[in-house]
Amino acid sequence: MLGWDQETYMPREAAELRGNQLAMISGLHHRRQAATEFRDLIGAADDENADAAPDSVVAANLREARRDYELATKVPAALVEEKARTTTLARRAWAEGREANDFARFCPWFEKIIDIARRMADALGYDEHPYDALLDKYEQGATTAQLQQLFAPLRDAHVDLVARIQDSGRPVDASCLRGAFPADQQDAFAREVTKAIGFDYDRGRLDTTVHPFCMGVGPTDVRLTTRYDPSFFGDGLFSALHEAGHGMYEQGVRRDDFGLPSGQSCSLGIHESQSRLWENLVGRSRGFWTHFYGTAQKRFASLSGVSLDDFLRAINEVRPSFIRVDADEVTYNLHVFLRFELELALISGDLAVADLPDAWNEKFEQSFRLRPPNDAKGCLQDIHWSAGLFGYFPTYTLGNVYAAQIYNKARAELGDLEAAFARGEFTPLRSWLNREIHERGRQYLPHRLVEKVTGAVPQPQPLIDQLESKYGAVYGL
Ligand code: ZN
């Protein structure tokens, strides 16, 4: 709640006070999580449930509680503090470096952060690659080798698809998304749409912020945020849909299991699969807009002369650009592959921090046929590295991979989903996701959950097929 308020309504001058409050709460939380008393209780519960089936909810809760305890205790307190101190200062150096377009300001801090990340990996432990330890924190069970195997064919397919789109000679005219789109109308429309797909406003809220996010306080209190640009339609609604996808996951966990691993979301990748599914697979589909476009046209005079076909093309434009957070559905993954490769090279020591800008620009050009004009539009654009977050970026694309597979399965079981969307029926899909994904909490590791739901471990082809089919139609490939 303190974190949510910080990003929404907190007075500007309260930043330092809030920092102290948050530090105290997280200190209390960490002490409980890492207490020997907690370890002993898990041990006692293990003994009492020694004959629980390995796949049972009880066994999963014990397994995950032990993992949480180990994550909280494996890294020495001194290293945790060093990281907190260093990243606080590094964040400032990064912001200044980005502002001034000067990587040299951030470089010495980034070297320290890489060194800390390596020591973190050693403390957490790994079998093959230090990156495995960092990745496992966000996507339990995923390894570097698995991701390389999954991402290599995906990267080739994306580069090829983007090249064919650029060479298609059929550029999309997205100018209809620019014009007068009053913020209050966008807000009313976003509420109407997110409510219709199943976000429960008696157990949640929608507010505005600079960087949209979703925060689940508990299944009966889920906070979404978005932002509205009164001269652009593309961002506010799709951010709201994205966050509502996260929010319906948070609202969909088992209420009776709140506080237990079985009442928590599975992983970052699985979480992202839910947001991407609603944002892209549902929210950019013809069926969805067959239902909502009339209402949108009534609310926004700018759309009155725009046909549904032209609107659909506009919201599905593919345009390579420098900034990840502004990227479309296809080029987004290229941004992630780039960061994944560079993180691996930095952590393993194959790439010196000082050489990062050149390596970034080189690789960027290979994927995007564009060269960043400066480091602010290149390796300094994201906050993640200044915060010491390594292994986080891949979960964005894992979300897309999982979403494609999960959506295919939903369609196989529920029939023509787009025809249902066109009739305004979203409950069958949401209930199916509740049952298959949300209510399972952390019972299975993420890759196992995907296999359980879809019958196959995570793989590249469903996402490739889906993008080929959709963008083949948009660009006449
Ligand atoms: Zn997300």
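Structure: above.
So, here's what we can say about the structure. Quick caveat, the model's predicted, so the values are computed rather than measured. (Residues numbered from 1 in each chain as written. Predicted model: local features only at pLDDT ≥ 70, side-chain atom pairs only at ≥ 80, totals over all residues. Heavy atoms only, no water.)

**Points about a nonpolar patch on the surface**
Okay, step 1: A grouping of M24, I25 and L28 is seen on the molecular surface, where their side chains present a nonpolar patch of about 290 Å² in accessible area.
Okay, step 2: Looking at the secondary structure, you find I25 in helix α2 (residues 15-33). (Patch = residues over 30% accessible without salt bridge, like charges linked within 9 Å, V, L, I, M, F, W, Y side chains within 5 Å. Areas by Shrake-Rupley, 256 points an atom, 1.4 Å probe, with all protein chains shown as cover. Salt bridge = Lys/Arg side-chain N within 4 Å of Asp/Glu carboxyl O. Helix = DSSP H or I, 4+ residues; strand = E, 2+ residues; numbered from the N terminus.)

**Observations concerning the packing of helix α16 (residues 394-414) against helix α19 (residues 446-454)**
Okay, step 1: The interhelical angle for the contact between α16 and α19, taken along N-to-C directions, is 20°, at an axis separation of 9 Å. Our classification of the angle between α16 and α19 gives roughly parallel. The handedness of the crossing between α16 and α19 is left-handed. Across the interface between the two elements, Y402, Q405, I406 and K409 from α16 touch P446, V450, V453 and T454 from α19.
Okay, step 2: Classifying every residue of the contact of α16 with α19 gives five nonpolar, two polar and one charged. (Axes fitted to C-alpha atoms, helices over the stretch in contact; angles between N-to-C directions. Parallel < 35°, antiparallel > 145°, perpendicular 65-115°, else oblique. Left-handed = near helix turned anticlockwise from the far one by under 90°. Contact = heavy atoms within 4.5 Å. Nonpolar A, V, L, I, M, F, W, Y, C, P; charged D, E, K, R; others polar.)

**What to know about the coordination of the zinc ion**
Okay, step 1: Around the zinc ion, the protein supplies H242 (NE2), H246 (NE2) and E272 (OE) as donor atoms, at distances of 2.1 to 2.3 Å.
Okay, step 2: Here H242 falls in the buried class, since its relative accessible area comes to 10%.
Okay, step 3: Since its relative accessible area comes to 10%, H246 is described here as buried. (Donors = N, O, S within 2.8 Å, 3.2 Å for Na, K, Ca; no water. Buried < 20%, exposed > 50% of the residue type's maximum accessible area, 1.4 Å probe, protein only.)

**Topic: the pairing of strand β3 (residues 221-226)**
Okay, step 1: Of all six residues in β3, five are buried; the element is thus mostly enclosed.
Okay, step 2: Where strand β1 (residues 204-208) and β3 come together, five bridges link them in parallel fashion. Paired with R205 across the two strands is R223, which belongs to β3.
Okay, step 3: Bridge analysis of strand β2 (residues 214-218) against β3 gives four bridges, and the strand direction is antiparallel. By the bridge assignment, M215 is partnered in β3 with R223.
Okay, step 4: Hairpin connection of β2 to β3: two residues between the antiparallel strands. (Pairing = 2+ DSSP bridges.)

**A look at unusual backbone geometry**
Okay, step 1: Although it is not a glycine, N101 adopts a positive phi angle of roughly 60°.
Okay, step 2: In this fold, N101 is placed in the loop between α5 (77-100) and α6 (103-124).

**Observations concerning the packing of aromatic side chains**
The geometry of two aromatic rings is summed up by the distance between their centres and the angle between their planes.
Okay, step 1: Taken as a whole, this structure holds 35 aromatic pairs when the rule is applied.
Okay, step 2: Measuring from centroid to centroid gives 6.0 Å for F292 and F426, while their planes differ by 15°, and the two rings are stacked. Taken together, the positions of F292 in helix α12 (residues 286-299) and F426 in the loop between α17 (417-422) and α18 (427-436) put the pair 134 residues apart, joining distant regions of the chain.
Okay, step 3: Here F426 falls in the buried class, since its relative accessible area comes to 1%.
Okay, step 4: Note on Y392 and Y396: the rings are 5.7 Å apart at their centroids and 65° apart in plane angle, and the pair reads as edge-to-face.
Okay, step 5: With relative accessibility at 22%, the residue Y392 sits in the partly exposed group.
Okay, step 6: Looking at Y396, the relative accessible area reads 12%, which means it is buried. (Phe/Tyr/Trp six-rings, centres within 6.5 Å; stacked < 30°, edge-to-face > 60°.)

**Examining the sheet that holds β3**
Okay, step 1: Taken in spatial order, the three strands make up an open sheet running β1-β3-β2, and their pairing is mixed. The open sheet is flanked by β1 and β2, the only strands paired with a single partner. On average, adjacent strands in this sheet sit at an angle of 15° to one another, irrespective of strand direction.
Okay, step 2: Lying over the sheet, helix α10 (residues 236-252) contacts β1, β2 and β3, oriented at roughly 165° with respect to β3.

**Examining the nonpolar core**
Okay, step 1: Within the largest apolar cluster, 124 residues are counted, with the highest numbers of intra-cluster contacts made by F110, L277, W289 and L429.
Okay, step 2: The residues touching L277, leaving out its near neighbours within four places in the chain, are V282, A403, I406, Y407, L429 and L433. (Core = buried A, V, L, I, M, F, W, Y, C linked by side-chain atoms within 4.5 Å.)

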